[in-house]
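The primary structure of each chain is shown beneath.
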Amino acid sequence: MRALLGVELPGYRTVDTDTWLNDHGDVLSLHFFGLPPDLPAALDDGPALRHGLTHFTARAGGGLIEASVKRLGELPALRQILKLPLPGQPSGQAFLGSFTVPRAGCSTVVKIQAAERGMTGMREAVVMAKLGPDQYFRPHPYAPEVQGGLPFHAADHAQWDAEFPDHPLTRVRRTLDTLAAAVTVDPGFTALPPFTGPAAANG
């Protein structure tokens, strides 16, 4: 089932089924999962949802930058941005943004991936120099006790995007904003029973 319509954005070219690429090397992709969503809480339980996602991302070696619930077409969707180390490289990060639209027995996800290329860490170095280390590193707002993964810090905040318009994190946020305005949901998917939380989905 192709649950989301309007994913093909200007500036992206088709490279595979439901996969598009732009000139930066950013990958836009659409996925359907015919299983109950693997989410830690219902979409209307924001604190539990964000807390669980923060720990899940840290266990995977990454860091959750932000998570919120937004409308995508007619349905509520989980909007996430996270960062992961570039595999096989001593430095650099990849940034992943996604909208997950869960239903009781399945979900659909549209995802944008953008990786650092060439010199890495410039955004972080500039912001740390401006703020100082004490203001740069912060406890994670969703789960202050979280351990492992990539650290939460001020340079990932959206306030710095205008200063770094070509940074992969900025591009991810920009693409998510474009998707939010462009994407509609297939009526057949909208009509499926709603996701009400992990217990209901798995029971």
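Keep in mind it's a predicted model, so treat the numbers as computed, not measured.

Conventions we followed
- Residues numbered from 1 in each chain as written.
- Predicted model: local features only at pLDDT ≥ 70, side-chain atom pairs only at ≥ 80, totals over all residues.
- Heavy atoms only, no water.
- 1 Å grid on protein atoms, 1.4 Å probe; cavity = no way out; pocket = protein on both sides within 12 Å on 5 of 7 lines; lining within 4 Å.
- Points joined across faces, edges and corners; volume = space filled by probe spheres on them.
- Helix = DSSP H or I, 4+ residues; strand = E, 2+ residues; numbered from the N terminus.
- Nonpolar A, V, L, I, M, F, W, Y, C, P; charged D, E, K, R; others polar.
- Buried < 20%, exposed > 50% of the residue type's maximum accessible area, 1.4 Å probe, protein only.
- Arc of directions from axis to C-beta.
- Contact = heavy atoms within 4.5 Å.
- Core = buried A, V, L, I, M, F, W, Y, C linked by side-chain atoms within 4.5 Å.
- Lys, Arg positive; Asp, Glu negative; His and termini not counted.
- Salt bridge = Lys/Arg side-chain N within 4 Å of Asp/Glu carboxyl O.
- Polar contact = N/O pair within 3.5 Å; in protein donor to acceptor, adjacent residues only side chain to side chain.
- Expected span 1.5 Å × (residues − 1).
- Pairing = 2+ DSSP bridges.
- Phe/Tyr/Trp six-rings, centres within 6.5 Å; stacked < 30°, edge-to-face > 60°.
- Lys NZ or Arg CZ within 6 Å of the ring centre and 35° of its normal.

**Some details on the layout of surface pockets**
Line of reasoning, step 1. The calculated volume of the largest pocket comes to roughly 690 Å³.
Line of reasoning, step 2. In terms of lining residues, the largest pocket is bounded by 23 residues, among which D38, L39, F56, Q80 and T100 are the most central.
Line of reasoning, step 3. The set of elements that each furnish at least two residues to the lining of the largest pocket consists of β4 (27-33), α1 (46-59), β6 (75-85), β7 (93-102) and β8 (107-115).
Line of reasoning, step 4. In terms of residue class, the lining of the largest pocket is made up of 14 nonpolar, seven polar and two charged.
Line of reasoning, step 5. The calculated volume of the second largest pocket comes to roughly 190 Å³.
Line of reasoning, step 6. Looking at the second largest pocket, it is lined by 18 residues, and the ones nearest its centre are V146, G148, L150, P151 and F152.

**A few points about helix α2 (residues 122-131)**
Line of reasoning, step 1. Where α2 is concerned, the buried positions are R123, E124 and V127. Along α2, the residues classed as buried sweep out an arc of 95° about the axis, all on the same side.
Line of reasoning, step 2. Looking at the buried residues of α2, the elements they touch are β7, α3 (133-136) and α4 (168-182).
Line of reasoning, step 3. G132 sits one or two residues past α2 and shows a positive phi near 85°.

**Points about the nonpolar core**
Line of reasoning, step 1. In terms of nonpolar packing, the biggest core is built from 27 residues, with L4, V7, L28, V110 and L179 touching the most fellow members.
Line of reasoning, step 2. The set of elements that each furnish at least two residues to this core consists of β4, β5 (63-72), β6, β7, β8 and α4.
Line of reasoning, step 3. Residue contributions to this core peak at four residues, all from α4.
Line of reasoning, step 4. Those residues in contact with L4, other than ones at most four positions away along the chain, are L30, L72, V101, T108, V110, V183, T184 and V185.

**Structural notes on the side chain of R103**
Line of reasoning, step 1. Assignment of secondary structure puts R103 in the loop between β7 and β8.
Line of reasoning, step 2. The side chain of R103 is buried and forms no salt bridge, while D186, the nearest opposite charge, is found at 10 Å.
Line of reasoning, step 3. A distance of 3.5 Å separates a polar side-chain atom of R103 from the backbone oxygen of F189.

**Focus: α1**
Line of reasoning, step 1. For α1, which comprises 14 residues, the first-to-last C-alpha distance of 20 Å matches the rise-based estimate of 20 Å (1.5 Å per residue) to within 8%.
Line of reasoning, step 2. Among the residues of α1, those classed as buried are G46, L49, G52, L53, T54, T57 and A58.
Line of reasoning, step 3. On its buried face, α1 sits against β5 and β6.
Line of reasoning, step 4. Two residues or fewer after α1 comes G61, characterised by a positive phi angle close to 90°.

**Considering unusual backbone geometry**
Line of reasoning, step 1. For D18, which is not glycine, the phi dihedral falls at a positive 55°.
Line of reasoning, step 2. Residue placement: D18 occurs in the loop between β2 (13-16) and β3 (19-21).

**Considering the pairing of β6**
Working note: regular strand, side chains alternate between the two faces of the sheet.
Line of reasoning, step 1. Taken across its eleven residues, β6 has eight buried, putting it largely inside the fold.
Line of reasoning, step 2. Of the strand pairs in this sheet, β5 and β6 are connected by nine bridges, and their pairing is antiparallel. Opposite L64, over in β6, you have L82 as the bridge partner.
Line of reasoning, step 3. The hairpin formed by β5 and β6 contains two residues between the paired strands, and G73 there has a positive phi angle of roughly 65°.

**Quick notes on the packing of aromatic side chains**
Line of reasoning, step 1. Counting across every chain of the model gives one aromatic pair.
Line of reasoning, step 2. On the numbers, 4.8 Å between centres and 90° between planes, the contact of Y136 with F137 is edge-to-face.
Line of reasoning, step 3. For Y136, a relative accessible area of 2% corresponds to the buried category.
Line of reasoning, step 4. The exposure class assigned to F137 is partly exposed, which follows from its relative accessible area of 42%.
Line of reasoning, step 5. Stacked on the ring of Y142, the Lys or Arg R50 has its end atom at 5.5 Å from the ring centre.

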